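# Coordinates in review
So you can see what is in the structure, the chains are spelled out below.
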Amino acid sequence: MKEKYILALDQGTTSSRAIIYDKQGKIRSFAQKEFTQYFPKPGYVEHDPQEIYSSQITVAAEAITKMRIHDLSIEAIGITNQRETTIIWDRKTGKPVYNAIVWQDRRTSSYCDQLKASGYQELIRQKTGLEIDAYFSGTKIKWIMDNVPGVRKKAEKGALAFGTVDSWLIWNLTNGRKHLTDVSNASRTMLFNIHTLEWDVELLNLLDIPAAILPEVKPNSFQFGVTDSLIFSKKIPITGVAGDQQAALFGQMCIHKGMVKNTYGTGCFIMLNTGQEVIESKNRLLTTVGWQLNGETTYALEGSVFVGGAVVQWLRDEMGFFRQAASSEKLAASVEDNGGVYFVPAFTGLGAPYWSQDVRGTIFGITRGTSKAHIVRAALESIAFQSYDVIKAMEQDAGFKIEKLRVDGGASANDLLMQIQADVLQTNVQRPEVVESTSLGAAYFAGLQIGFWSDVSEIESQWQMEKEFVAEKSTDELQPMIDQWHKAVNMITK
Ligand code: ADP
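Here the structure is a predicted model, which means the values were calculated and not measured. (Residues numbered from 1 in each chain as written. Predicted model: local features only at pLDDT ≥ 70, side-chain atom pairs only at ≥ 80, totals over all residues. Heavy atoms only, no water.)

## Remarks on the sheet that holds strand β5 (residues 74–81)
Applicable threshold: In this analysis, strands are considered paired if DSSP registers two or more bridges between them. Secondary structure elements are taken from DSSP: a helix is a run of H or I of four residues or more, a strand is a run of E of two residues or more, and numbering for both begins at the N terminus. In this analysis, axes come from line fits to C-alpha atoms, helices being fitted only over the stretch in contact, and the angle between any two N-to-C directions falls in the range 0 to 180 degrees. In what follows, a contact means two residues having at least one pair of non-hydrogen atoms within 4.5 Å.
Across the sheet, six strands lie side by side as β3-β2-β1-β5-β14-β13; this open sheet has mixed pairing. The strands lining the two open edges of the sheet, one partner per strand, are β3 (27–34) and β13 (221–226). Sheet twist, expressed as the mean angle between neighbouring strand axes with direction ignored, is 25°. With seven bridges connecting them, strand β2 (residues 15–21) and β3 associate as antiparallel partners. Counted as the bridge partner of I20 is S29 from β3. Across the face of the sheet, helix α6 (residues 165–173) comes into contact with β1 (5–11), β5, β13 and β14 (237–243) while running at roughly 145° to β5. In the packing of helix α14 (residues 437–450) onto the sheet, contacts are made with β1, β2, β5, β13 and β14, and the angle to β5 comes to roughly 135°.

Structure representation (structure tokens):
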């Protein structure tokens, strides 16, 4: 018998990736392709939906070809995607009526301010778990309806379809046969009631969005459809779908209440599994659906740090301190401590739990003796401190202490940063063998549906730790540093 595999499609913000996993949850092949970012005006960020799809199909074919297997060996496809990014297309022609409006796009922020000023925050938080923000899909849909000629009329007649990127890929892979999404992506639209798990009529009315354009919402492991016969040599079932952060939480096997993961990429994305309980945040975190599996819904609290690994990129590209991000570790380790330097990398404001859009970064405590190494060390510490602030907010909301943190993403390769994180949090930091948690999560959802893996406990036993970081410094040693960090933050936010 030939070995069988799961193909995960990871449609990210800057690139499309395809990863082939075997039964042991190991990566067997990988392909990646960047695609064009469009910035038509300040604050606007768009993608070409056709390029999203074509780059995704290209890497899928490449991953299969590289491995020298036949696509007959692919048992199922799992999809994970950049969340919130909004596409509207014509049901008949399959053509988008406008470019994809990307999650980073701020064009609807003044409309969001109006919604807040009209007092809708509480209603929206209560129903969707979200803050009113241009980040989410709802106001982006409204913008397309209001600004692209003819769209509203067509939408009201049922001739158009809306989808986040998962829906767009499913639609194209099934050649227009399926218009579906999953609960994790739906919960990022600001139109979805996370308690009833249905589109919310009151919110649709508020934003003046016709229900006829919405996809049907399904659990994460589900028969979403089969690929059209034109795409692969057999019809491959699409059986797993989840938004990127939820997929990463699942890929990290944070499947029990109280487990938390942090993805250290450009930003840091922290998510805590809160089990079947919907916890409403008192600290401006987001409440979201983690996943729906076997009829049970798992919820999560989420907090994001805007500038994580990006601060290292900045030191590399703008300051010219080193040529490769990985060199930051050696440089920072060449000094014993930060020498009193604190770096608040609020390049684009501060995310959770501060939500200060308008503040900008600062480096604090510089003396004549400050060296490059101190600044680099302070930069790495800033990633750990910002994550600390989010995790402390999560602990307050959840009412329990987080015992361990699972990590992934590019900057999680930095041992010094991981050690600092363990020290600051006084929590064990666990880095897995497979740090491709996002695509792995999508593969797991897909494989569970078809019995490729029999159940979650089989998968759980596959999760392997590559390295664990245990706190080496005491709270007494750390608290003065945390206090200094907060002093630096307060200097720009107060
Ligand atoms: P994204 O998915 O957001 O593009 P990645 O997970 O690929 O991000 O991580 C890339 C980020 O991690 C970059 O901002 C880079 O500066 C940072 N990074 C990568 N390797 C290291 C390292 N060894 N130490 C510190 N930062 C790193």
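Text resumes after the structure shown.
## Digging into the packing of aromatic side chains
Applied cut-off: Whether two aromatic rings pair depends on their centres lying within 6.5 Å, for rings of Phe, Tyr and Trp, where Trp uses its six-membered ring; planes under 30 degrees apart make the pair stacked, over 60 edge-to-face, and the rest tilted. Exposed residues in this analysis have more than 50% of their type's maximum accessible area, buried residues have under 20%, and partly exposed residues fall in between, with area computed by a 1.4 Å probe over protein chains only. A positively charged side chain is recorded as over a ring if its NZ (Lys) or CZ (Arg) lies within 6 Å of the ring centre. The angle to the ring normal must also be within 35 degrees.
Within the structure shown, the criterion is met by 19 aromatic pairs. Measuring from ring centre to ring centre gives 5.3 Å for Y98 and W143, while their planes differ by 55°; the resulting arrangement is tilted. In this pair, Y98 sits in the loop between β6 (87–90) and β7 (100–101) while W143 sits in helix α4 (residues 137–147), placing the two residues 45 residues apart along the sequence. Look at W143 and you get buried, because its relative accessible area is 17%. By way of ring pairs, the aromatic residues Y44, Y98 and W143 are connected into one cluster. Lying over the aromatic face of F452, K23 brings its terminal NZ or CZ to 4.3 Å of the ring centre. R406 extends its terminal NZ or CZ atom over the ring of W463, reaching a point 3.4 Å from the ring centre.

## Things to note about the packing of helix α10 (residues 310–317) against helix α12 (residues 372–398)
Here is the rule we go by: Relative orientations are named as follows: roughly parallel for angles under 35 degrees, roughly antiparallel for angles over 145 degrees, roughly perpendicular for angles from 65 to 115 degrees, and oblique for any other angle. By convention the crossing between two helices is left-handed if the near helix lies anticlockwise of the far one by an angle smaller than a right angle, and right-handed if it lies clockwise. Each residue gets one of three labels, nonpolar for Ala, Val, Leu, Ile, Met, Phe, Trp, Tyr, Cys and Pro, charged for Asp, Glu, Lys and Arg, and polar for the others, Gly among them.
In contact at an axis separation of 9 Å, α10 and α12 are set at 160° when each is read in the N-to-C sense. Relative to α12, the element α10 is oriented roughly antiparallel. Handedness of the α10/α12 crossing: right-handed. Together, V311, V312 and L315 of α10 and I375, V376, A379, L380, S382 and I383 of α12 make up the contact between the two elements. Of the residues assigned to the contact of α10 with α12, the class counts are eight nonpolar, one polar and no charged.

## Section: the sheet that holds strand β18 (residues 296–305)
Spatial ordering of the open sheet is given by β17-β18-β16-β15-β21-β22-β23, a layout of seven strands whose pairing is mixed. Each end of this open sheet is capped by a strand with a single partner; those strands are β17 (286–293) and β23 (465–469). Pairwise comparison of adjacent strand axes, ignoring direction, gives a mean angle of 25° for this sheet. Both β17 and β18 contribute to a ladder of seven bridges, which runs antiparallel. Across the sheet, the residue bridging to T287 is L301, located in β18.

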